[in-house]
Amino acid sequence: IHRGATVSSEQIELVDADFLAFFQVPLVAGDRGTALQDPASLVLSETMARKYFGAVDVVGRRLEISDLAGRNAYTVTAVIKDLPKNSNLRLDFVRLLTPRDVATTMGNWSAWGIVTLQTYFKFDDPTAVSALQAQLPALVDRRVGADHVAEAFQGAGSPRLEVLVAARGELRDGVEGGEEITGAV
């Protein structure tokens, strides 16, 4: 993050355009439906808005960031409430994952076992988790090959599916109305 002559290092999450709607992350400012539509959009947490601008009402302000896309100016389009400390999501800086990011700067998108990307599923019916878990071994066999599973997940042990089931899909001080289910594929 460039602010005049000062350069700071921050974690930036690259997400798809529907991220804020999918997770229903509470907004302080901005519109969840349009906040991540433009590749030059940037969503900040309350803490980062205060750190870089001294306030949370910062929609329309700009920051210059050097990341995988190079050095670019981004416009703040939304500010989200700080997430609980026990959340596995770190959303201080969020920007759109673009085809350019995938094509030019992020190799290994098709290599199994690379932890570049997390995929989340939302289930209306918690019993659907079992159906998905039952299909995963065949998917891994088709995409990786049964003989190469251990090689593809070098040192990571068996491929694992970790599923968070949230009945209403709301992000609060934990998982509202759900449970965490973890199991080996």
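For the structure itself, consult the block above.
Notes on the structure in this doc start here. Not measured: the values here are computed from a predicted model.

1. Here's the deal with the overall build of the chain
So, point 1. Within the chain one finds 5 helices and 12 strands.
So, point 2. Across the 185 residues that make up the chain, the buried fraction comes to 33%.
So, point 3. Once local pairs closer than 6 in sequence are excluded, the contacts in the chain between residues at least 24 apart make up 62%.

2. Section: the pattern of salt bridges
So, point 1. This structure, assessed with the given rule, holds 3 salt bridges.
So, point 2. The closest approach of N and O atoms between Lys51 and Glu10, which form a salt bridge, is 2.5 Å. Note that Lys51 is positioned in helix α2 (residues 46-53) and Glu10 in the loop between β2 (6-7) and β3 (12-15), a separation of 41 residues in sequence.
So, point 3. Taking relative accessible area as the criterion, Glu10 reaches 22% and is therefore assigned partly exposed.
So, point 4. Residue Arg95 pairs with Asp67 through a salt bridge whose shortest N-O separation is 2.6 Å. Remark: Asp67 occurs in strand β6 (residues 62-67) and Arg95 occurs in strand β8 (residues 93-96); sequence separation between them is 28 residues.

3. Considerations on the packing of aromatic side chains
So, point 1. Per the counting criterion, the structure on display carries 3 aromatic pairs.
So, point 2. Between the aromatic rings of Phe19 and Phe23, the centroid separation amounts to 4.8 Å while the plane-to-plane angle is 45°, which identifies the pairing as tilted. In this pair, Phe19 and Phe23 both sit in helix α1 (residues 19-23), 4 residues apart, roughly one turn of the helix. You'll find Phe19 and Phe23 in the same group, each marked buried.
So, point 3. Between Phe22 and Phe23 the ring centres are 5.0 Å apart and the planes differ by 75°, which places this aromatic pair in the edge-to-face class.
So, point 4. Relative accessible area serves as the criterion here: at 28%, Phe22 is assigned to the partly exposed category.
So, point 5. Taken together, the aromatic side chains of Phe19, Phe22 and Phe23 make up a single cluster linked through ring pairs.

4. Details of unusual backbone geometry
So, point 1. Of note in the backbone geometry, Gln24 takes a positive phi value of approximately 50° without being a glycine.
So, point 2. With respect to the helices and strands, Gln24 occurs in the loop between α1 and β4 (27-30).

5. Remarks on the side chain of Ser87
So, point 1. The topology assignment puts Ser87 in the loop between β7 (70-80) and β8.
So, point 2. Within the structure, Ser87 has its side chain in polar contact with the backbone nitrogen of Leu89 (distance 3.0 Å).

6. A word on the nonpolar core
So, point 1. Leu44, Leu63 and Phe93 are the most contacted members of the largest nonpolar core, which totals 16 residues.
So, point 2. When residues in this core are grouped by element, the largest group, 4 residues, is from α2.
So, point 3. What Leu63 contacts, discounting residues up to four positions off in sequence, is Ile1, Arg3, Leu42, Leu44, Tyr52, Phe53, Asn72, Ala73, Tyr74 and Phe93.
So, point 4. In this structure, Leu20, Val43, Ile80 and Leu89 belong to the second largest nonpolar core, which totals 14 residues.

The rules behind these values
- Residues numbered from 1 in each chain as written.
- Predicted model: local features only at pLDDT ≥ 70, side-chain atom pairs only at ≥ 80, totals over all residues.
- Heavy atoms only, no water.
- Helix = DSSP H or I, 4+ residues; strand = E, 2+ residues; numbered from the N terminus.
- Buried < 20%, exposed > 50% of the residue type's maximum accessible area, 1.4 Å probe, protein only.
- Contact = heavy atoms within 4.5 Å.
- Salt bridge = Lys/Arg side-chain N within 4 Å of Asp/Glu carboxyl O.
- Phe/Tyr/Trp six-rings, centres within 6.5 Å; stacked < 30°, edge-to-face > 60°.
- Polar contact = N/O pair within 3.5 Å; in protein donor to acceptor, adjacent residues only side chain to side chain.
- Core = buried A, V, L, I, M, F, W, Y, C linked by side-chain atoms within 4.5 Å.

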